[in-house]
Amino acid sequence: MSDIKIFQVGALGLTELPGAAVQVEKSLQVLFEANLETLLGIRFLASEHSTGPVHGGRIDTLGLDEDNSPVIIEYKRAVNENVINQGLFYLDWLLDHRREFQWLVMERYGAEAATAVDWSAPRLLCIAGDFTRYDEHAVKQIARNIELIRYRRFGQDLLMMELVHAPKTARMVAPDARKSAAVEKSSREEVDEADPYWRNRMGYRLSQAAADLRDIYDGVQQFLVGLGDDVQVKELQQYTGFKRIKNFVCLQINPQDRIVVAYLKLDPSTVVLEEGFSRDVTNIGHHGTGDLKLSLKSMADFERAQPLLRRAYEVG
């Protein structure tokens, strides 16, 4: 049971607001689907999506997150319901039906969004009024990207969400057979450096970075992870995302330009911009999320960036 309590401050003192879970699962689903981007940073794709006669199931909610990763959301109707196993069943179905998912993306958001779908770290979100200790133990043993989110309603106007569990580092899956073979090949350090797929991967760029540049990247990564136990690391094709429920920093390394780039979820108008260090990229296309770009070329730049990185975490 959640131990979070909310009190209303009034002239006569404090009044506790009773918390309650929405009993009717469909009303909870409708509420979340209508506000997915606000609540979770996820674009809505489909509700009650059929997995076909062979699988005989319906995925509660399908979405696409801010990193272009596919997302399955399942809502737990009862404490004793095994929503995690059900979600894993759907996650396996999704990985076997990638074209169907991308077709849904294309129909709703266009061909460019469908092409940009990143299959390296699909997610399963289980949302419930509460979870058992067995649920929390089980997801720690399963090598998949599973997040448990607890919710409560307080009165008519307040909705509380609590991230109960998320993997510290998102676990990767091979996008297709060709890339799976390439992953095995890379483990033997035999990657074809002329292959554009690998030249654009974060792992490849990290391997090509000079030691001093890699020190900056590692320093930023360790700083961000150390900001709180709720920080999750998600390594994607073009960048590494650092998130709580949503991204607050996206980090890139560019060995050719000898620079580490961080995109922060901060309003650039609240920051004193400095030539060559910080820039407003609100209307400039880039990989990752965040409107404030920081360019880090030295450990001194990293030190200058730390207050802004901390602010992004606190806001996020």
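Structure's up top.
Residues numbered from 1 in each chain as written. Predicted model: local features only at pLDDT ≥ 70, side-chain atom pairs only at ≥ 80, totals over all residues. Heavy atoms only, no water.

K.L.:
Looking at this structure, how should I read the overall build of the protein?
P.N.:
When its secondary structure is counted, the protein shows twelve helices and 15 strands. The buried share of the protein, taken over its 316 residues, is 47%. Contacts spanning at least 24 positions in sequence make up 56% of the contacts within the protein whose residues lie at least 6 apart. Counting only carbon and sulfur atoms, one obtains 50% of the accessible surface of the protein, whose full area is about 16100 Å². (Helix = DSSP H or I, 4+ residues; strand = E, 2+ residues; numbered from the N terminus. Buried < 20%, exposed > 50% of the residue type's maximum accessible area, 1.4 Å probe, protein only. Contact = heavy atoms within 4.5 Å. Areas by Shrake-Rupley, 256 points an atom, 1.4 Å probe, with all protein chains shown as cover.)

K.L.:
Even after reading the chapter, I still don't get the pattern of salt bridges, so can you show me in this structure?
P.N.:
As a working rule, side chains carrying opposite charge can pair if their charged atoms are close by. Summed over the entire model, instances satisfying the criterion amount to 16 salt bridges. A salt bridge links Asp-65 to Arg-123; the nearest nitrogen and oxygen atoms lie 2.9 Å apart. Remark: Arg-123 occurs in strand β7 (residues 123-128) and Asp-65 occurs in strand β5 (residues 58-65); sequence separation between them is 58 residues. A single burial state applies to Asp-65 and to Arg-123, both of which are buried. One salt-bridge network, in which partners are shared between bridges, spans Asp-65, Asp-67, Arg-123, Glu-147 and Lys-234. (Salt bridge = Lys/Arg side-chain N within 4 Å of Asp/Glu carboxyl O.)

K.L.:
Help me understand the sheet that holds strand β15 (residues 292-296) in this model?
P.N.:
The strands that make up a sheet pair up through hydrogen bonds in the backbone, lying either parallel or antiparallel. Reading across the sheet, the six strands line up as β10-β11-β12-β13-β15-β14 and stay open at both edges, with antiparallel pairing between neighbours. Both edges of this open sheet fall to β10 (232-235) and β14 (278-280), since each of them pairs with a single strand only. Between one strand axis and the next, the sheet turns through 20 degrees on average, direction left out of account. The sheet contact formed by β14 and β15 spans three bridges and is antiparallel. (Pairing = 2+ DSSP bridges. Axes fitted to C-alpha atoms, helices over the stretch in contact; angles between N-to-C directions.)

K.L.:
It is not clear to me how the side chain of Asn-145 should be interpreted in this structure. Could you clarify?
P.N.:
Assignment of secondary structure puts Asn-145 in the loop between α7 (133-141) and β8 (146-154). A distance of 3.3 Å separates a polar atom in the side chain of Asn-145 from the backbone oxygen of Pro-122. (Polar contact = N/O pair within 3.5 Å; in protein donor to acceptor, adjacent residues only side chain to side chain.)

K.L.:
Honestly, the packing of helix α11 (residues 211-225) against helix α12 (residues 299-315) in this entry has me stumped. Any pointers?
P.N.:
Packed helices, taken two at a time, are described by their axes: the angle between them and the distance between them. Relative to each other, α11 and α12 sit at 20 degrees, their axes nearing to 11 Å. The angle between the axes of α11 and α12 places the two elements in the roughly parallel class. The handedness of the crossing between α11 and α12 comes out as right-handed. Within the contact between the two elements, α11 uses Asp-215, Ile-216, Gly-219, Val-220, Phe-223 and Leu-224 and α12 uses Met-299, Phe-302, Gln-306, Leu-309 and Arg-310. Along the lines of polarity and charge, the residues of the contact of α11 with α12 split into seven nonpolar, two polar and two charged. (Parallel < 35°, antiparallel > 145°, perpendicular 65-115°, else oblique. Left-handed = near helix turned anticlockwise from the far one by under 90°. Nonpolar A, V, L, I, M, F, W, Y, C, P; charged D, E, K, R; others polar.)

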